Amino acid sequence: MTEVTAPVPTPAAAKRTSAPVPPPPVERRRYDRSIVEGPLRPAVWKLAWPTMFANVIGGLQGLVDQFMVGHFVGSAGNAAIGVSWQVFLVIIAFIMSMFAGMSVLVARYAGANNEEMVDWVVYQAFLVASFLSIVIFAPIGWFASPWLLNFVNASPAIQHEALPFLRIIFMTSAGMMMFYMLSGALRSAGDSRTPMVLGITMTVLNIVLNVILIRGLGPIPAFGTKGSAMGSAIASGVIGVYAIYKLARGGWVVSFPKKHGWGPD
């Protein structure tokens, strides 16, 4: 019986067989896992400092509005802004409470690395925000504004300045709703810097518009107290349109879903 021996590989064959095996592809992770897998203190600070900075910058906007309206309109305009925002704070509190529920779901699915459900929750929140701002808040706010100002017992001079301001805020609440919704979704998915950039951009744009619209500039007339509301409406509207564009196009940690339909759930 003849013994069969394996052929001795040539140097070229040995070189081919010893070629390095490519490493396995690295799993793409959409969300920052350091905030759930790393130390607690850096994770909290990483999420908190952009929010704190954006809130400080946003607070300057109110100071600029009060200063300019008080200087160019007078004490009645200042009081009108204060009364109007106190009334609208009820709506803001409702909005923030509703989006808190969205944030819990986004954080849950982001922690599970379930991109599809994160995007689905964000899209449903977008539908709710659009419906509330356009179908509910805008018409009810327009007709209820006189009654609301009477309810808080504002004087006739203050109501004269506050009524158009409050109606503009109600009618253009969609941009603000988009900003609050998107900021909560991004932070819950681990990105607090993008809301900071958007918030600072909106604040700076609002200040520039208010400087122009409250006092007037060139062919643009002075709108007084209404100019403050118009500046806020335009600034939040620009950010809202940009947010919708980015959510549809992709590029953030949250976006509109690609697999689900477009109907409400």
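Everything below is about the structure shown above.
Residues numbered from 1 in each chain as written. Predicted model: local features only at pLDDT ≥ 70, side-chain atom pairs only at ≥ 80, totals over all residues. Heavy atoms only, no water.

Counting its secondary structure elements, the protein chain contains nine helices and zero strands. For the protein chain, the α and β elements follow one another from N to C terminus as α-α-α-α-α-α-α-α-α. Here the protein chain holds 265 residues, and the buried ones make up 42% of them. For the protein chain, restricting intrachain contacts to residue pairs at least 6 apart in sequence, the fraction spanning at least 24 positions comes to 72%. When the accessible surface of the protein chain is totalled, it reaches about 15000 Å², and 69% of it is carbon and sulfur. (Helix = DSSP H or I, 4+ residues; strand = E, 2+ residues; numbered from the N terminus. Buried < 20%, exposed > 50% of the residue type's maximum accessible area, 1.4 Å probe, protein only. Contact = heavy atoms within 4.5 Å. Areas by Shrake-Rupley, 256 points an atom, 1.4 Å probe, with all protein chains shown as cover.)

The terminal C-alpha atoms of helix α6 (residues 156–171) lie 22 Å apart, and with 16 residues this matches the ideal 22 Å at 1.5 Å per residue to within 8%. Roughly 35 degrees is the biggest bend found in α6, and it falls at A162, with proline P164 one to four residues downstream. Residues of α6 that are buried: I158, Q159, A162, F165, L166, R167, I168, I169 and F170. As for α6, its buried residues are in contact with α4 (75–111), α5 (115–151), α7 (173–188) and α9 (225–249). (Expected span 1.5 Å × (residues − 1). Bend = angle between axes of the 7 residues up to and from the residue.)

We now examine the packing of α7 against α9. Viewed as axis vectors pointing N to C, α7 and α9 meet at an angle of 50 degrees, and their least axial separation amounts to 7 Å. Judged on the interaxial angle alone, α9 and α7 are oblique. Remark: the crossing between α7 and α9 carries left-handed chirality. Listed contacts from α9 to G175, M176, M178, F179, M181 and L182 of α7 are S236, G237, I239, G240, A243, I244 and L247. Here the contact of α7 with α9 is built from residues that sort into nine nonpolar, four polar and no charged. (Axes fitted to C-alpha atoms, helices over the stretch in contact; angles between N-to-C directions. Parallel < 35°, antiparallel > 145°, perpendicular 65-115°, else oblique. Left-handed = near helix turned anticlockwise from the far one by under 90°. Nonpolar A, V, L, I, M, F, W, Y, C, P; charged D, E, K, R; others polar.)

So, about the environment of N210. Counting through the fold element by element, N210 comes out in helix α8 (residues 193–215). Residue N210 is classed as buried on the basis of its relative accessible area of 0%. Put simply, N210 and A235 are 25 residues apart on the chain and 9.9 Å apart in space, counted from C-alpha to C-alpha. Residues in contact with N210, not counting those within four places in the same chain, are D65, M68, R215, G227, S228, G231 and S232.

Evaluation of the coordinates by the stated rule reveals eleven aromatic pairs. Counting every residue linked through ring pairs, the aromatic cluster contains W85, F88, F165 and F170. (Phe/Tyr/Trp six-rings, centres within 6.5 Å; stacked < 30°, edge-to-face > 60°.)

Turning our eyes to something else, we now look at the environment of F88. With respect to the secondary-structure elements, F88 resides in helix α4. Judged by relative accessible area, which is 1%, F88 ranks as buried. Between the C-alpha atom of F88 and that of I169, which follows or precedes it by 81 residues, the distance is 8.1 Å. Non-local contacts of F88, meaning those with residues more than four positions away in its chain, are made with I169, F170, S173 and M176.

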